[in-house]
Amino acid sequence: MAWMLRLVKIGVEGEEPCTDIMEIRRPDDLVDIANLGLTLAEAKLLLAGVQREIVAAQARSHAVRRPECPRCDGVCRVKDYRDHAVSTLFGQVTLRLPRFRCAACSGIEAGVGWPPRCRSTPELDRLQAHLCALMTYRTAADLLEQMFPVDAGKHHETLRRHTLKVGEALGDYVATRSETAAVAIVVTLDSTFIRSCVEGERHLEVRVGNVETEAGGRQVFGAVAKAGTDIRALIRRTLDAVGQTEGTALTAFTDGCPGLRRILADAGVSTPPMLEWFHIAMRLQHLKQIASALPVDAPARVEAKAVIVEEVERLHWRIWNGKAQDAQVSINRIRAVRHHFQGEPDQRRSTAPSRKLWTALHALDGYLTGQSAWLVNYAERHRAGLRVGTAITEGTANFLVNRRMNKSQQMRWSRRGADLLLQVQCGVYNGTLGSGFGQKFHPANDLCPPVAIAA
Ligand SMILES: [Zn+2]
């Protein structure tokens, strides 16, 4: 069997001569299921063929429009033709467009309404940036090449360059003020680190945040420290975008880093930020895992382990219920039975369960002491229907940064490169990049509120 794919243009005068795009051949039988329907390769050829024909027709009809001379009222005549290569999602196309010369003053004019330095379509730029926000430049390049008949921008370096350009443009983006005023807004500001590619510089600090309104509106923002993007301005812009007014009640959360509290204050968030429950819950979970891994190879250890597991639970309860000042009681009780787990062969090593328990307990103790002023009664807030942190269950930093700029993948970043990519990521999630990408993460993350970690 064979089909001829034919494109018929309908002009003002009706049907015009048609063009053959491609022939599709298929075996008559379906012995091999692989012969069912179109293959990806054929689909790509088809798309590229249709694209070429449509673009050629558009270029022809564009070329007959003559510009007016801006200097005199002379008539413009075609001087010569120039080829313009433009990358599209469906292949590279070449537009033959005329240049004009004014018959009276000899001035050269480009065609009507043709952007002089256009090398790609906005749709391609957007899709490239979108994919690069979610996966590595290399994977994004591979994916595009697999799925679409793209000829240009297949190299990951090209994709990176394009994406950073989009990030730059997003930096200049002016947020539209929300038309509906928000009654209450929750602001979360966190920090995380990524590896630097610059010699002598190990890590880059990334600040990320998230604002949520009671009506379900959400925007994320982020900036790499000292990279040129002003995080304070971003926070103000984001608050504007979700409808902050004089009467809006603000609630702020941080991961406890003092620098972040200063940033929030500078950005005009004057309510003292609370320590987000997520960060405490993570530490408690770590402690619980260690406690449950303690060996029970002797009766004394069985007993001691039961005490430790119970006290860790009690510690959780105390902090959740705003009684962090009593945490020391639990910590002392754990300390009192800890000697049962000493004397392991590898006890000196940091991987020994007793050592790990001690380290984690010590870290939590220090954390609670340092953060005591910012701890609240989380249980009471929760019962009152108030937030104890962001609705992004994995935390904004994990969601926005660690997934894409992951430390475990050994990725190294330049300050500017990471900062601009972050702007693209936020653009994708906020829906400011392109038109229909926004709020991608909404349903998936709202299913289980942070309480899931608390319970
Ligand atoms: Zn002229």
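What comes next is a walk through the structure. All values derive from a computational prediction rather than experimental measurement.

### A look at the sheet that holds strand β7 (residues 108-109)
Argument step 1. Pairing is antiparallel in the open sheet, where three strands are placed in the order β5-β6-β7. Edge positions in the open sheet fall to β5 (76-88) and β7, since each of these has one partner strand only.
Argument step 2. Direction of pairing for strand β6 (residues 91-102) relative to β7: antiparallel, over a ladder of two bridges. Counted as the bridge partner of Phe100 is Glu109 from β7.

### Overview of the pattern of salt bridges
Argument step 1. In this structure the tally under the stated criterion is 19 salt bridges.
Argument step 2. The shortest N-O distance in the salt bridge between Arg6 and Asp20 comes to 2.6 Å. Pair noted here: Arg6 is in strand β1 (residues 2-7) and Asp20 is in strand β4 (residues 19-25), with a separation of 14 residues, a long-range link.
Argument step 3. The partly exposed category is assigned to Arg6, whose relative accessible area is 49%.
Argument step 4. You can call Asp20 partly exposed: its relative accessible area is 41%.

### Considering the environment of Ala249
Argument step 1. Relative to the assigned elements, Ala249 resides in strand β11 (residues 249-254).
Argument step 2. Note on Ala249: relative accessible area 42%, which makes it partly exposed.
Argument step 3. Residues Ala249 and Leu124 lie 125 residues apart in sequence; the distance between their C-alpha atoms is 41 Å.
Argument step 4. Sequence-distant contacts of Ala249, that is, excluding residues within four places in its chain, are made with Val183, Ala184 and Ile185.

### Here's the deal with the coordination of the zinc ion
Argument step 1. With distances of 2.3 Å, the protein atoms coordinating the zinc ion are Cys69 (SG), Cys72 (SG), Cys102 (SG) and Cys105 (SG).
Argument step 2. Viewed at the metal, the four donor atoms of the zinc ion are separated by angles of 102 to 115 degrees, and the geometry they form is tetrahedral.
Argument step 3. Counting residues between consecutive donors of the zinc ion along the chain gives the motif C-x2-C-x29-C-x2-C.
Argument step 4. Relative accessible area serves as the criterion here: at 26%, Cys72 is assigned to the partly exposed category.

### Some remarks on the packing of helix α3 (residues 137-147) against helix α4 (residues 156-171)
Argument step 1. Where α3 meets α4, the closest approach of the two axes is 8 Å, and the angle between their N-to-C directions is 105 degrees. Looking at the two axes, α3 sits roughly perpendicular to α4. Counting all contacts with α3, which are made through Tyr137, Arg138, Ala140, Ala141 and Leu144, the residues of α4 involved are His156, Leu159, Arg160, Thr163 and Leu164.
Argument step 2. Per-class residue counts for the contact of α3 with α4 are six nonpolar, two polar and two charged.

### A short note on the side chain of Asp365
Argument step 1. Mapped onto the fold, Asp365 is located in helix α10 (residues 353-371).
Argument step 2. Notably, Asp365 is buried but unbridged: the nearest opposite-charge side chain belongs to Arg335, and the N-O separation is 4.6 Å.
Argument step 3. Look past the residues within four positions of Asp365 in its chain and what remains in contact with it is Gln328 and Ile331.

### Regarding helix α6 (residues 258-266)
Argument step 1. Those residues of α6 not exposed but buried are Gly259, Leu260, Arg261, Ile263 and Leu264.
Argument step 2. Packed against the buried residues of α6 are β8 (184-195), β9 (203-213), α5 (231-241), β11 and α10.
Argument step 3. Two residues or fewer past α6, Gly268 is found with a positive phi of approximately 95 degrees.

### A short note on the nonpolar core
Soluble globular proteins tend to pack their nonpolar side chains together in the buried interior.
Argument step 1. Among the nonpolar cores identified, the biggest contains 32 residues, and Ile194, Leu400, Val401, Met405 and Trp413 are the most heavily contacted of them.
Argument step 2. Sorting the residues of this core by element identifies α2 (122-134), α3, α4, β9, β10 (218-224), α12 (396-402) and α13 (415-430) as the ones contributing at least two each.
Argument step 3. A per-element tally of this core places α13 first, with six residues.
Argument step 4. Residues Ala304, Ala327, Ile331 and Leu364 belong to the second largest nonpolar core, which totals 31 residues.

Reading guide: rules and limits
- Residues numbered from 1 in each chain as written.
- Predicted model: local features only at pLDDT ≥ 70, side-chain atom pairs only at ≥ 80, totals over all residues.
- Heavy atoms only, no water.
- Pairing = 2+ DSSP bridges.
- Helix = DSSP H or I, 4+ residues; strand = E, 2+ residues; numbered from the N terminus.
- Salt bridge = Lys/Arg side-chain N within 4 Å of Asp/Glu carboxyl O.
- Buried < 20%, exposed > 50% of the residue type's maximum accessible area, 1.4 Å probe, protein only.
- Contact = heavy atoms within 4.5 Å.
- Donors = N, O, S within 2.8 Å, 3.2 Å for Na, K, Ca; no water.
- Tetrahedral: all angles 85-135°; square planar, octahedral: opposite > 155°, others 65-115°.
- Axes fitted to C-alpha atoms, helices over the stretch in contact; angles between N-to-C directions.
- Parallel < 35°, antiparallel > 145°, perpendicular 65-115°, else oblique.
- Nonpolar A, V, L, I, M, F, W, Y, C, P; charged D, E, K, R; others polar.
- Lys, Arg positive; Asp, Glu negative; His and termini not counted.
- Core = buried A, V, L, I, M, F, W, Y, C linked by side-chain atoms within 4.5 Å.

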